[in-house]
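Structure assessment
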Amino acid sequence: MLNFVWTGICFSDESISDQYPGSPLYSKPVEVVPNVWSAIGATAAPTYENRGHNNNLSFILTSEGVVVINSGAAYILAEALHREIKQITNQPVKLIINENGQGHAMLGNTYWHEQGVKILAHKDADIEFRKNGYQILERMKRYNKDKAAQTAITPPTHTFTEKVSLYMGETKIEVLYLGAAHSPGDISVWLPDKSTVIAGDMAFHERLLPIFPETDTAAWVNTWDQGFETLNATYVIPGHGHPTNMDQVRKYTRDYLLFLRKKIKIHLENGGGLETAYYVNQSPYSKLDTFEELAKINAGRVYEEMEFELD
């Protein structure tokens, strides 16, 4: 049994297109803590080479079945993950949890729906996917081409608003909506008996987090402080990147958001405009994967958010 947790930064090499030859998955699932596994995705953008497996596909083994977190960005990934699960346990998959309404969380739902598995998501994630699912699917098809075969729009079969608590055998699982964060309907899966949180896109640490047009960074910080931090988790499986601890995800998520908001606040107070906001100094985070792709975009979006806050 492999039992580990990364306590420092461990960067993925974006030049490595596939760490698990022979499988559509980017990497082979590993056991993070007993009976909690994750197939760690690339920290690069989704590509044909990584088949869109640039997030973490996790699963929990229990005496009454398997719970999977995220169905993956394509049918081919869900199918591949199921093959891996079958090599580890004879228990059937009983539940899929979509961490949000993004493609990497939901586009594999069709495969699991064909297996007769229940699919759970927050109601806001369900609304997001139903509203934008076609565009999400088309974007995936553009990079995945033939590897997008059989992928279709399949929304969750069950939704919730605040919390779902369940026991699978003796394993307690809490599916938590802690508040607004990275994208609509972001949830985390808390395993109190293991002091382990499968954080979803609440928490980042190896790649620079992306800020979307709809992201409310002030609310994300508040959700972190009032909800996520209070879990006091020992082990954190983030939405992207290797398992780690609270200190690491706090530094590269909450503290980054506060850092960037402070930079933009000073910029605004000095009369700076959007065209120069893109270039505020974010060098303390420059070693993170996807920094070059996202830093300027993030700064511009925080500027657009904060200019109204300061009116």
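The shown structure was predicted, so the numbers you read here are calculated from the model rather than taken from an experiment.

Cut-offs used in this document
- Sequence order as written defines the numbering, with residues in each chain counted from 1.
- Only residues with pLDDT of 70 or above have their local features reported here, since the model is predicted, and side-chain atom pairs are shown and tallied only from 80 upward, although totals for entire chains, interfaces and linings are computed over all residues.
- Remark: hydrogens and water are excluded; side-chain values derive from all non-hydrogen atoms of the structure.
- For two strands to be treated as a pair, DSSP must find no fewer than two bridges joining them.
- Numbering of helices and strands runs from the N terminus; a helix is a DSSP stretch of H or I covering at least four residues, while a strand is a stretch of E covering at least two.
- One confidence number per residue, pLDDT, is output by the predictor and ranges from 0 to 100.
- In this description, contact between two residues means that some pair of their heavy atoms is separated by no more than 4.5 Å.
- Note on classification: 1.4 Å probe, protein chains only; a residue is buried when its accessible area is under 20% of the maximum for its type, exposed when over 50%, partly exposed between these limits.
- Distance and chemistry together define a polar contact, namely a pair of N or O atoms within 3.5 Å, with one atom able to donate a hydrogen and the other to accept it when in protein, and with adjacent residues in sequence counting only for side-chain atoms on both sides.
- Here an axis means a line fitted to C-alpha atoms, over the contact stretch when the element is a helix, while the angle between two N-to-C directions is reported on a 0 to 180 degree scale.
- Planes of paired rings set the category: under 30 degrees apart is stacked, over 60 is edge-to-face and the rest tilted, where pairs are Phe, Tyr or Trp rings (Trp by its six-membered ring) whose centres lie within 6.5 Å.
- Bend at a given residue is defined as the angle between two axes, one fitted to the seven residues that end at that position and one fitted to the seven that begin there.
- Crossing handedness is read from the near helix: turned anticlockwise from the far helix by less than a right angle, it gives a left-handed crossing, and turned clockwise, a right-handed one.
- Each residue receives one of three labels: charged for Asp, Glu, Lys and Arg, nonpolar for Ala, Val, Leu, Ile, Met, Phe, Trp, Tyr, Cys and Pro, and polar for the others, Gly being one of them.
- In the sections that follow, a salt bridge refers to a side-chain nitrogen of Lys or Arg positioned within 4 Å of a carboxyl oxygen of Asp or Glu.

1. Some remarks on the pairing of strand 8 (residues 163-168)
Pairing analysis gives 6 bridges linking strand 8 to strand 9 (residues 171-176), with the strands arranged antiparallel. Counterpart to Met168 in the pairing with strand 9 is Thr171. Hairpin remark: strand 8 followed by strand 9, antiparallel, with 2 residues in the connecting loop; positive phi at Gly169, about 65°.

2. Notes on the confidence of the model for the chain
Residues of the chain with pLDDT of at least 70 account for 94%, and the chain-wide mean is 94. Scored below 50 in pLDDT, residues 1-13 makes 39 contacts in the model with residues more than four places away or belonging to other chains.

3. Thoughts on the side chain of Gln102
Take Gln102: it is sitting in the loop between strand 5 (93-97) and helix 2 (103-106). Note on Gln102: relative accessible area 17%, which makes it buried. In this structure the side chain of Gln102 is engaged in a polar contact, spanning 3.3 Å, whose partner is the side chain of Asp201. Here Gln102 is in contact with His182, Ser183, Asp201 and Phe212, once residues within four sequence places are set aside.

4. Overview of the sheet that holds strand 3 (residues 57-62)
Taken in spatial order, the 7 strands of this open sheet run 1-2-3-4-5-6-7, and their pairing is mixed. The open sheet has two free edges, formed respectively by strand 1 (30-33) and strand 7 (158-160), since each of these has just one partner strand. Within the sheet, the average angular offset between the axes of one strand and its neighbour, ignoring direction, is 25°. Judged from the 5 bridges that link them, strand 3 and strand 4 (residues 65-69) form a sheet pairing that is antiparallel. Bridging from a neighbouring strand, Thr62 pairs with Gly65 of strand 4. Along the sheet face, helix 1 (residues 75-88) touches strand 2 (36-39), strand 3, strand 4 and strand 5 and points at about 30° away from the line of strand 3.

5. Observations concerning the packing of aromatic side chains
Across all of its chains, the model carries 8 aromatic pairs by this definition. Between Tyr75 and Tyr111, the ring centres sit 5.4 Å apart and the planes meet at 90°, which makes this aromatic pair edge-to-face. Taken together, the residues span a long stretch of sequence, with Tyr75 in helix 1 and Tyr111 in helix 3 (residues 109-114) at a distance of 36 residues. Owing to a relative accessible area of 6%, Tyr75 belongs among the buried residues under this scheme.

6. Observations regarding the environment of Leu268
You can see Leu268 is positioned in helix 6 (residues 246-269). Through-space distance from the C-alpha of Leu268 to that of Tyr303 is 7.9 Å; in sequence the pair is 35 residues apart.

7. Quick word on the sheet that holds strand 12 (residues 235-238)
Strand order in this open sheet of 5 strands is 8-9-10-11-12, and the pairing throughout is mixed. The two strands at the open ends of the sheet, each matched to only one other strand, are strand 8 and strand 12. Pairs of neighbouring strands in the sheet enclose a mean axial angle of 15°, with direction left out of account. Judged from the 3 bridges that link them, strand 10 (residues 188-191) and strand 11 (residues 196-200) form a sheet pairing that is antiparallel. Its bridge partner lying in strand 11, Trp190 is registered against Val197.

8. Considerations on helix 4 (residues 123-144)
Along helix 4, the sharpest change in direction is near 70° and occurs at Asn132. Regarding helix 4, the residues found buried are Ala125, Asp126, Glu128, Phe129, Gly133, Ile136, Leu137, Met140, Tyr143 and Asn144. On its buried face, helix 4 sits against helix 2, strand 6 (118-122) and strand 7. Remark: Lys145 follows helix 4 within two positions and exhibits a positive phi of approximately 50°.

9. As for the packing of helix 5 (residues 217-228) against helix 6
If you want to describe how two helices pack, look at the angle between their axes and the distance between the axes. Between helix 5 and helix 6, the shortest axis-to-axis distance is 9 Å and the interhelical angle comes to 145°. Here helix 5 runs over helix 6; the crossing is left-handed. On the side of helix 5, the interface is formed by Thr217, Ala218, Trp220, Val221, Trp224, Asp225 and Phe228, while helix 6 contributes Met246, Val249, Arg250, Thr253, Arg254, Leu257, Leu258 and Arg261. When the residues that make up the contact of helix 5 with helix 6 are grouped by side-chain class, the tally is 9 nonpolar, 2 polar and 4 charged.

10. Observations regarding the pattern of salt bridges
This model, assessed by the stated rule, comprises 12 salt bridges. A salt bridge links Asp124 to Lys123, with the nearest nitrogen and oxygen atoms 3.0 Å apart. For Asp124, a relative accessible area of 23% puts it in the partly exposed group. Note that Lys265 and Glu269 form a salt bridge whose closest N and O atoms lie 2.5 Å from each other. You can see Lys265 and its partner Glu269 sitting in helix 6, 4 residues apart, about one turn around the helix. Judged by its relative accessible area of 35%, Lys265 falls in the partly exposed class. For Glu269, a relative accessible area of 52% puts it in the exposed group.

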